[in-house]
Amino acid sequence: MIGTKGTVVAVNGNMVSVRFDGAVSMNEVGYVKLADAQLKSEVIRIRGDISQLQVFEITKGIKVGDVVEYSGDMLAVELGPGLLGQVYDGLQNPLPQLAAQAGYFLERGVYLAPLSADKEWAFTPAVKEGDTVERADTLGTVPEGSFTHRIMVPFNLYGNYTVVSVKPAGSYKLKDTIAELKDEKGNTVPVTLSFRWPVKRPIDCYEERLKPKDPMVTRIRLIDTFFPVARGGTYCIPGPFGAGKTVLQQITSRFADVDIVIVAACGERAGEVVETLKEFPELIDEKTGRSLMERTVIICNTSSMPVAAREASVYTAVTLAEYYRQMGLSVLLLADSTSRWAQAMREMSGRLEEIPGEEAFPAYLESTIASFYERAGIVRLRDGSIGSVTIGGTVSPAGGNFEEPVTQATLKVVGAFHGLSRERSDARKFPAIHPLDSWSKYSGIIAGETVGYAHGFMRRGSEVEQMMKVVGEEGTSIEDYVIYLKGDLIDSVYFQQNSFDPVDAAVKPERQKYVFKLLITILGSRFSFGDKNEARAWFSKLRQKLLDFNGSEWKGDRFSTIEKEIDSMIAEKSSGLDKAAEKLLA
């Protein structure tokens, strides 16, 4: 370990103040030396010859006069083959290996290599001696699960380099030199299968940043049709505790049309994380026919772990996502929950005695959240391939109050808002996304005009429902009552999905479009009913038919039979379509 040394002059919770003599930079890693351990920390403020460091471990036993050694390196992660299928903490320590070494109660000051140095990888060169390369150019490939992992020129090698030598195809360990590059000054740089990169510096090794426009299909009807998420876009899922944020993220990670899934459990309750760790290895991925865990990375920093590491876990996750984006892959990053990350920022800001903002959050809360979500995007790489990082973050506002600072700061920068409702959650509706409060700036799998027509019935139906709570059903006209029933029908048969049904749990786009066209026919039909009881009974029967329709195999015999029964019911009561529906169905 090299670098400046200092001594502790004050301790405040997980923050230590250190007087140093030499050169120290922001975000540099330092180690507090104790008799039995070295505690990893990060420089978060420098004032003269005093630096404040946030310690990523429990600070019990640190006292004034203890020695601190600065490493000279930024807080960084190791990038290379072997990341997929791993479970890391916020500092990229592999938790299974850590548990094997330390037992169930993790020891502080124990840091393990994130990637195995003994495993051999089948390297195939992609360049030859004399070629000119730049940072992020592919030197060769190794197979990693079902993916071709690119071995790239390290991202910190700026300028042009000439390939002096490259190893032939064969098996090599992580730290074996697979190529030697010469810079413009004649210096030779060895390259291995892995390298390190600072987590708080976005990876910008691409030719062009593109506008997210193509939808990222999640197979959740309410999201894909009404509140879509673009590939390379951003979205947030705020909601009260127990409203289904984590479950919704798990369903999305299983069925989203992406290559790699990275789950960042940032301050999440340990029970929910354990559920993910148990389920993912057993789930069969439809794309590969193998375990879903083989294309997943989990960054696990639960609420029982040191608070300071929550921030590191978020940045570690997004850096890994950007790394796989550089291989031309589509990556989905799910952060759960950004509120607990913000609470960690608030705690550290208080210890730094900074001027507090709203609800004591730091004044830079908005800019910090924005800088995180800005690392999402879809890019065109130098070789012409397209890679993307889509970021979805949950927010856990106290009491479900969407006016609190973290939610509001997030809403300013994301492209889609999936607000979970306590009322819908308590009614056992899944997903509990509120159809009137939520929104999206992206285009979905169905034309916006068609979606707006259906959404109008949901909105008008809600207005009639609120009116009926005041004047009663008898004070409502039959026309308004039918609108209410149509809105309720959309909610029951299209917004909600049965996650336990093997067919309805995940719905492909072609089926969503087909069913939505049928739904437009129902909404646009002019029905004639003698009274409200007849209307209620007819819609109740139709609802059950449509639910059975949702659970039928696509284009199967039962599917066709139920569809004919639904068409017959509509034809019996309908006197035609309104002009708007005719135009949409033409």
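The rules we used
Residues numbered from 1 in each chain as written. Predicted model: local features only at pLDDT ≥ 70, side-chain atom pairs only at ≥ 80, totals over all residues. Heavy atoms only, no water. Helix = DSSP H or I, 4+ residues; strand = E, 2+ residues; numbered from the N terminus. Rg over C-alpha atoms; globule rule 2.2 N^0.38 Å. Buried < 20%, exposed > 50% of the residue type's maximum accessible area, 1.4 Å probe, protein only. Contact = heavy atoms within 4.5 Å. Pairing = 2+ DSSP bridges. Axes fitted to C-alpha atoms, helices over the stretch in contact; angles between N-to-C directions. Phe/Tyr/Trp six-rings, centres within 6.5 Å; stacked < 30°, edge-to-face > 60°. Lys NZ or Arg CZ within 6 Å of the ring centre and 35° of its normal. Salt bridge = Lys/Arg side-chain N within 4 Å of Asp/Glu carboxyl O.

**Structural notes on the overall build of the chain**
Okay, step 1: The number of helices and strands found in the chain is 15 helices and 28 strands.
Okay, step 2: For 586 residues, the compact-globule formula gives about 25 Å, and the C-alpha radius of gyration of the chain, at 28 Å, lands near that figure.
Okay, step 3: Each of the three principal axes of the chain carries a C-alpha extent, and together these read 90 × 55 × 40 Å.
Okay, step 4: For the chain, buried positions account for 56% of its 586 residues.
Okay, step 5: In the chain, 70% of the contacts between residues at least 6 apart in sequence involve partners at least 24 apart.

**With respect to the pairing of strand 22 (residues 330-336)**
Okay, step 1: The element strand 22 is largely enclosed, with a buried count of seven among its seven residues.
Okay, step 2: The alternating pattern of strand 22 places S330, L332, L334 and D336 on one face and V331, L333 and A335 on the opposite face, and all of these are buried.
Okay, step 3: Note that strand 20 (residues 260-266) and strand 22 share six bridges and pair parallel. Its bridge partner being in strand 22, V263 is matched across the sheet by L334.
Okay, step 4: Where strand 22 lies against strand 24 (residues 386-395), six bridges are found, and the strand directions are parallel. Of the residues in strand 24, the one forming a bridge with L332 is T390.

**Observations concerning the sheet that holds strand 6 (residues 67-74)**
Okay, step 1: Pairing is antiparallel in the closed barrel, where six strands are placed in the order 1-2-5-4-3-6. Within the sheet, the average angular offset between the axes of one strand and its neighbour, ignoring direction, is 45 degrees.
Okay, step 2: Here three bridges tie strand 1 (residues 5-12) to strand 6, and the two strands are oriented antiparallel to one another. By the bridge assignment, K5 is partnered in strand 6 with E69.

**Here's the deal with the packing of aromatic side chains**
Okay, step 1: Considering all chains together, one arrives at 30 aromatic pairs under this definition.
Okay, step 2: On the numbers, 5.8 Å between centres and 80 degrees between planes, the contact of F226 with F516 is edge-to-face. Separated by 290 residues along the polypeptide, F226 in helix 2 (residues 221-226) and F516 in helix 12 (residues 509-524) bring together distant segments of the chain.
Okay, step 3: Look at F226 and you get buried, because its relative accessible area is 8%.
Okay, step 4: When the centroid spacing of 5.7 Å and the interplanar angle of 85 degrees are considered together, the rings of F402 and F417 count as edge-to-face. Placement of F402 in the loop between strand 24 and helix 8 (405-411) and of F417 in strand 25 (residues 416-417) is noted, with a sequence separation of 15 residues between them.
Okay, step 5: Through pairs of rings, three or more aromatic residues link up here, namely F155, F195, W197, Y323 and Y324.
Okay, step 6: Sitting over the face of the ring of Y494, R221 holds its NZ or CZ atom 5.5 Å from the ring centroid.
Okay, step 7: Between the NZ or CZ atom of K532 and the centre of the ring of Y481, over which it lies, the distance is 6.0 Å.

**As for the pairing of strand 6**
Okay, step 1: When strand 3 (residues 28-33) meets strand 6, the two strands line up antiparallel, connected through four bridges. Looking at the pairing, G30 lines up with Y70 of strand 6.

**A few points about unusual backbone geometry**
Okay, step 1: With an omega of 10 degrees, the peptide bond running from D336 to S337 counts as cis.
Okay, step 2: Inspection of the secondary structure puts S337 in the loop between strand 22 and helix 6 (338-351).
Okay, step 3: Geometrically, the link from F430 to P431 is a cis peptide bond, its omega value of -10 degrees lying close to zero.
Okay, step 4: By the element assignment, P431 lies in the loop between helix 9 (422-426) and strand 26 (439-440).
Okay, step 5: Backbone geometry at A136 places phi at a positive 75 degrees, although glycine is not the residue there.
Okay, step 6: Here A136 shows up in the loop between strand 10 (132-133) and strand 11 (138-144).

**Quick notes on the pattern of salt bridges**
Okay, step 1: A full pass over the atoms with the stated rule returns 28 salt bridges.
Okay, step 2: For K63, the salt bridge is made with D66, and the minimal N-O distance between the two is 3.3 Å.
Okay, step 3: A residue is classified by how much of its surface remains accessible, and K63, at 51% relative accessible area, is exposed.
Okay, step 4: Across the pair K128 and D131 runs a salt bridge, and its minimum N-O distance is 3.3 Å.
Okay, step 5: Using a relative accessible area of 54% as the deciding quantity, one classes K128 as exposed.
Okay, step 6: Since its relative accessible area comes to 22%, D131 is described here as partly exposed.
Okay, step 7: Each of E42, K200 and E311 takes part in a single network of salt bridges with overlapping partners.

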